[in-house]
Amino acid sequence: MRVREFQEPRGWAFIVGAMILKPLFLLTTKPRWVGGTKIPATGGCVVVMNHVSHVDPLTAAHFCYDHGRLPRYLAKSGLFKGRVLGYFMRAAGQIPVERASVTAVGAYDAAVAAVRAGECIVVYPEGTITRDPDLWPMKGKSGAARIALETGCPVIPVGQWGAQALLAPYARKPDLFPRKPIHIVVGDPVDLSDLVDRPRDAAVLDEATGRIMAAITGIVEALRHEKAPAERFDPRKAGVSEIGNPHARPRKSNEKESG
């Protein structure tokens, strides 16, 4: 259900994407949107969300679209390599990111430019689906904080819960029926005003990222009616890989490489 009209041209990619995806989501989910008008109707902003499923970017896009904003993502570069999908994502203004490479700096610059141009950037500060065993928001990365401090734009925290029932973390097959409730709640902007003019050192970035993750976690706690662990899960301390499926079966030495 459209809550707000668009203040910017949608372009063919968003129009086609909405025509295909919205009917599918209405058939398989029960959207529960709360506080979406806290996302500015116009102007650059960073929307920060917790990450529990590979379907999250689609449910978030549905949410933003219903509230009159066109979401731009920092997306894994591999998604752009397919001829059709890559063409579609570039047409929709999505930003490719090469993990752990020098081109990640270019992605940051592109995100900053997009915010300054008045666009809505959606960032999952955890960087990947949470590795927390109970799917709580884990330790965040500094990308969202860097963009916000560089541009001075509003940082809008969003908590979501339910997408993992539609597509479990790292699962390949969705559970489409019965329809799954998808809860998305928007909080008040995260106040980083006292940090904007300070040097972008590790202490400032850690403080800004901590505030962002605390705001997201508070919303998720209210959604789940539970209290999150006192210390956020840190994949590095736990020795868990931040890339790929952490639950995948290790390949035996005598198994052949595929491809």
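From a predicted model like this one, the values you see are computed outputs, not experimental measurements.

**Details of the sheet that holds strand β5 (residues 120-123)**
Next, step 1: Read across the sheet, seven strands follow the order β1-β7-β6-β2-β5-β3-β4 without closing on themselves; strand pairing throughout is mixed. Across the chains shown, the open sheet's two edge strands, defined by having one partner strand only, are β1 (29-34) and β4 (95-97). Adjacent strand axes in the sheet meet at a mean angle of 25° when their direction is disregarded.
Next, step 2: With four bridges connecting them, strand β2 (residues 45-49) and β5 associate as parallel partners. Its bridge partner being in β5, Cys-45 is matched across the sheet by Cys-120.
Next, step 3: Relative to β1, helix α1 (residues 11-28) is tilted by about 110°, and along the sheet it contacts β1, β3 (71-76) and β7 (180-186).
Next, step 4: The strands that helix α5 (residues 143-151) touches are β2, β3, β5 and β6 (155-161); relative to β2, the one it contacts most, it runs at about 160°.

**Structural notes on the pattern of salt bridges**
Next, step 1: Summed over the entire model, instances satisfying the criterion amount to 14 salt bridges.
Next, step 2: We note a salt bridge from Lys-22 to Asp-66, for which the minimum N-O separation is 2.8 Å. Of this pair, Lys-22 sits in helix α1 while Asp-66 sits in helix α2 (residues 56-66), placing them 44 residues apart in sequence.
Next, step 3: With relative accessibility at 18%, the residue Lys-22 sits in the buried group.
Next, step 4: Taking relative accessible area as the criterion, Asp-66 reaches 1% and is therefore assigned buried.
Next, step 5: Between Lys-180 and Asp-175 there is a salt bridge whose closest N-O contact spans 3.5 Å.
Next, step 6: Shared partners join several salt bridges into a network, and the residues in it are Glu-8, Arg-69, Arg-72 and Glu-119.

**Comments concerning empty space enclosed by the protein**
Next, step 1: For the structure on display, the rule yields one cavity of 30 Å³ or more.
Next, step 2: Put simply, the largest cavity is a space of about 40 Å³.
Next, step 3: Here the residues of the lining of the largest cavity are counted per class, giving five nonpolar, one polar and three charged.

**A word on the layout of surface pockets**
Once rolled over the atoms, a probe with the size of a water molecule shows which space is left empty.
Next, step 1: Counted as a void, the second largest pocket has a volume near 180 Å³.
Next, step 2: At four residues, α1 tops the list of elements feeding residues into the lining of the second largest pocket.
Next, step 3: When its residues are assigned to classes, the lining of the second largest pocket shows 10 nonpolar, one polar and one charged.

Thresholds applied
Residues numbered from 1 in each chain as written. Predicted model: local features only at pLDDT ≥ 70, side-chain atom pairs only at ≥ 80, totals over all residues. Heavy atoms only, no water. Pairing = 2+ DSSP bridges. Helix = DSSP H or I, 4+ residues; strand = E, 2+ residues; numbered from the N terminus. Axes fitted to C-alpha atoms, helices over the stretch in contact; angles between N-to-C directions. Contact = heavy atoms within 4.5 Å. Salt bridge = Lys/Arg side-chain N within 4 Å of Asp/Glu carboxyl O. Buried < 20%, exposed > 50% of the residue type's maximum accessible area, 1.4 Å probe, protein only. 1 Å grid on protein atoms, 1.4 Å probe; cavity = no way out; pocket = protein on both sides within 12 Å on 5 of 7 lines; lining within 4 Å. Points joined across faces, edges and corners; volume = space filled by probe spheres on them. Nonpolar A, V, L, I, M, F, W, Y, C, P; charged D, E, K, R; others polar.

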